[in-house]
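As a plain string of letters, each chain reads:
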Number of protein chains: 2
Amino acid sequence: MKKSIPEDLWKAFFQGDRLACARLITIAENRKERVPELRDALANRLGRAVRIGITGPPGVGKSTLTSLLALGMADAGHKVGIVAVDPSSPFSGGAFMGDRVRMEGLVGDQRIYMRSLASREGHGGLSPSTPDVADVLEGFGMDRILIETVGVGQAELDVLECTDLVVLVLQPSTGDAIQTMKAGIIEAADLIVVNKADLPGKDVVLNSLRFLFGMGLTKKIRPVPPVMTTSAMQNEGLPELVAELEKLASVLLDSGRHADLRRARMEKEIREAISQCLWTAYDGLTGATKCIQEKARELVEKAESPYPFIRESCSRVRVQALDKEASNGHGA
Amino acid sequence: MKKSIPEDLWKAFFQGDRLACARLITIAENRKERVPELRDALANRLGRAVRIGITGPPGVGKSTLTSLLALGMADAGHKVGIVAVDPSSPFSGGAFMGDRVRMEGLVGDQRIYMRSLASREGHGGLSPSTPDVADVLEGFGMDRILIETVGVGQAELDVLECTDLVVLVLQPSTGDAIQTMKAGIIEAADLIVVNKADLPGKDVVLNSLRFLFGMGLTKKIRPVPPVMTTSAMQNEGLPELVAELEKLASVLLDSGRHADLRRARMEKEIREAISQCLWTAYDGLTGATKCIQEKARELVEKAESPYPFIRESCSRVRVQALDKEASNGHGA
């Protein structure tokens, strides 16, 4: 395999050079073809960090809460990476100057590394490179990685796929938002935070949550998550939130669930990569991509089923195992 | 290929027997392995219907609007299928008795066929069988198929994949909801309906929409969609809405975009089916599923990169084209 990331860059990265970290994140974010190289180089530093998704509707104060959580975790002795994928997040430059200035309090802090990523175009989902960026941060020595994402649309499912814990952030009087969110993320949250608890209406959101849990909507999947209240602006409830998250992180690591999640993600990654290899080989052999385009056009025009073509295509191809010696060292 | 759907059932279905239609929908919904058989039998009846997604936050009156739209389209000479996948929809039995009774006004109407589907578990997404159920309805002769789905979470993306037009339903004072939805569905809507226009706050939602469009958030993707106001309860604005939708349907069909969408979906279906064949053959040959499980466990334990294993797996397999004569009629 041709290596394309310079040795010097890796050396600086492993020595803790933040600029080198920034450059590797940029590679992870934009160069999908370099991912195998990144994984190979970082592998022996991965597996211990806890990745925490911070999600919730826009405007509930996720970014402020995330930065205060990062500071709290750093004070507790952790090195903290932040990946912000919320398009409305001040991290991503999407919001009010006051917020952004507040976030920049983190900039000089060597215990924390923050990076905002572009959201997947038009869908508000996580960037597909989010797990790769988290790998770089974990390889850089971060043992807590906070992934901030807006908790609607595709992002709510993406964030479940690439994090070990999910914190859902709400605010007083987000009764409506709970309605629209209940189909997905609430069942998946490991911890619910009602932020801005200084504002009126805290009881509304707490009652809505009690109602949902009382209906048994979530119990089938996992136990009712703890619900905490904070006021990030007034710095209230933060130490308790950090402590609760650390408790959840300990249980996750000690129970083996953390390793189970990593294993499941590793399996999926291998399966998808091999499947992609098979398709690439098939496409190279048969010119399938072009052929399928033409066939689809014809089938739609003639109003015919695709299955005769699918069956014929499948019957005309064989997957064959090669001798280990014959193939050793050659890519498919 | 072994046929498993009885000839009698097909015969009754093609004669317009609604009970036979119900039974085939149940097969489409629950028996993924029968899909090729369904597609083969229905193919020559597919390709002309317009599939319209009706989406939006819970509580905006999508179901009432959908049933009135169906009646309006039936009056205009169409045969209308309704697929309801919103877990909170009265179609799905999820809401108030009054609504449900109102929906049942459709029951005796031979021009309309309604079916509610279970939502994909826990995620609020469309049932993966939704397109197959729509195929059955189209094969039954329906030329307008309304797919009602709650416009949050995974569903908003699923609905884009399987419909030709998307109607986003809002209500006055859903300013908050627009905030949470803007990342996905608003850009994709072909038509926005502000329902319950008799309620106060209509201007709030209209202004929010103008603000979003004014920011150019959506223009990159396609032109600003028409925004209409209705009051389904007071039966206002419905004829205009039906007329506007029919206009969009005509443009869709005449411009060739309808065929383009069908073709793109056909291509994706073929690619995924062949890819699945390749994987099944590979798995049968190498026992990959089990082997990958064990390998992932080992790699996570040892903190190693999966890529050496992926590269070796890919290098040890070859995809081979078979002679047409030798393989004709045999599955892979």
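Now for a look at the structure at hand. (Residues numbered from 1 in each chain as written. Chains lettered and ligands numbered in written order. Predicted model: local features only at pLDDT ≥ 70, side-chain atom pairs only at ≥ 80, totals over all residues. Heavy atoms only, no water.)

Remarks on the packing of aromatic side chains
Put simply, the rule is: Ring pairs shown here join Phe, Tyr and Trp side chains whose ring centres sit within 6.5 Å, with only the six-membered ring taken for Trp; geometry is labelled stacked below 30 degrees between planes, edge-to-face above 60, and tilted in between. Put simply, DSSP marks the helices as runs of H or I at least four residues long and the strands as runs of E at least two long, and each gets a number from the N terminus on. Three exposure classes are used, based on accessible area relative to the maximum for each residue type with a 1.4 Å probe and protein chains only: buried under 20%, partly exposed in between, and exposed over 50%. Charges are assigned to positions over rings by a cutoff of 6 Å between ring centre and Lys NZ or Arg CZ, combined with an angular limit of 35 degrees from the ring normal.
Overall, the coordinates contain 12 aromatic pairs over all chains when judged by the stated rule. Between Tyr113(A) and Phe140(A) the ring centres are 6.2 Å apart and the planes differ by 70 degrees, which places this aromatic pair in the edge-to-face class. Residue Tyr113(A) is found in strand S3 (residues 112-116), and its partner Phe140(A) is found in the loop between helix H6 (130-139) and strand S4 (144-150); the two are separated by 27 residues along the sequence. Accessibility assignment for this pair places Tyr113(A) and Phe140(A) in one class, buried. Where Trp10(B) meets Phe13(B), the ring centres are 5.8 Å apart and the plane angle is 85 degrees; that geometry is what we call edge-to-face. On the criterion of helical spacing, the pair formed by Trp10(B) and Phe13(B) is a turn pair, its members being three residues apart in helix H1 (residues 7-14). Here Trp10(B) matches Phe13(B) in class, with each residue buried. Here the guanidinium or amino end of Lys79(A) rests over the ring plane of Phe140(A), the centre of that ring lying 5.9 Å away.

Some words on the state of the cysteines
Disulfides are covalent bonds that link the sulfur atoms of two cysteine residues. Filter applied, for reference: Any two cysteine sulfur atoms lying within 2.5 Å of each other are counted as a disulfide.
Taken as a whole and judged by the stated rule, the model has two disulfides over all chains. A sulfur-sulfur distance of 2.1 Å marks the disulfide that ties Cys277(A) to Cys314(B). The sign of the 90 degrees torsion about the S-S bond sets the Cys277(A)-Cys314(B) disulfide as right-handed. Residue Cys277(A) is found in helix H12 (residues 257-286), and its partner Cys314(B) is found in helix H14 (residues 307-315); the two belong to separate chains. The class for Cys277(A) is partly exposed, based on a relative accessible area of 23%.

Observations regarding the nonpolar core
To be explicit about the condition: As used in this record, nonpolar core signifies buried Ala, Val, Leu, Ile, Met, Phe, Trp, Tyr and Cys residues forming a set joined through side-chain atoms within 4.5 Å. By the convention used here, residues are in contact when the closest approach between their heavy atoms is within 4.5 Å.
Formed by 37 residues in total, the largest nonpolar core has its most connected members in Leu278(A) and Leu278(B). Looking at this core, the elements with two or more residues in it are H12, helix H13 (288-302), helix H14 (307-315) and strand S8 (317-321) of chain A together with helix H12 (257-286), helix H13 (288-302), H14 and strand S8 (317-321) of chain B. If we skip the residues at most four places from it in the chain, Leu278(B) touches Leu278(A), Trp279(A), Tyr282(A), Val317(A), Val319(A) and Val319(B).

Here's the deal with the environment of Pro225(B)
All names here are of chain B. Position of Pro225 among the secondary structure elements: in the loop between helix H10 (202-214) and strand S7 (227-229). On the accessibility criterion, Pro225 (9% relative accessible area) is buried. Counting along the chain gives 79 residues from Pro225 to Leu146, while the straight-line C-alpha distance between them is 19 Å.

Describing unusual backbone geometry
Non-glycine residue Lys196(A) carries a positive phi angle of around 55 degrees. Looking at where Lys196(A) falls in the secondary structure, it is placed in the loop between strand S6 (191-194) and helix H10 (202-214). The exposure class assigned to Lys196(A) is partly exposed, which follows from its relative accessible area of 24%. Of note, the phi angle at Ala303(B) is positive, near 55 degrees, even though the residue is not glycine. Within the fold, Ala303(B) resides in the loop between H13 and H14.

A look at helix H4 (residues 62-75) of chain A
Every α-helical turn comprises 3.6 residues, leaving residues that sit three or four positions apart pointing alike. Residue and element names in this part refer to chain A. The following threshold applies: By definition here, a helix of n residues has an expected span of 1.5 Å times n minus one.
Over its 14 residues, H4 extends 20 Å from the first C-alpha to the last, a length consistent with the 20 Å expected when each residue adds 1.5 Å. The buried fraction of H4 amounts to 10 of the 14 residues, a majority that puts the element mostly inside the structure. When we look at burial in H4, the residues that qualify are Lys62, Ser63, Thr64, Leu65, Thr66, Ser67, Leu69, Ala70, Met73 and Ala74. Gly77, located one to two residues past H4, shows a positive phi value of around 100 degrees.

Digging into the environment of Gln15(A)
Residues and elements named next belong to chain A. Relative to the helices and strands, Gln15 is located in the loop between helix H1 (7-14) and helix H2 (18-30). The exposed category is assigned to Gln15, whose relative accessible area is 62%. Between the C-alpha atom of Gln15 and that of Arg34, which follows or precedes it by 19 residues, the distance is 21 Å.

Looking at the pattern of salt bridges
All names here are of chain A. We apply this condition: Here, a salt bridge means any Lys or Arg side-chain nitrogen found within 4 Å of an Asp or Glu carboxyl oxygen.
Counting across every chain of the model gives 44 salt bridges over all chains. Across the pair Arg262 and Asp164 runs a salt bridge whose closest N-O atoms are separated by 3.6 Å. Separated by 98 residues along the polypeptide, Arg262 in helix H12 and Asp164 in the loop between helix H7 (154-162) and strand S5 (165-170) bring together distant segments of the chain. Asp164 shares its class with Arg262; the two are buried.

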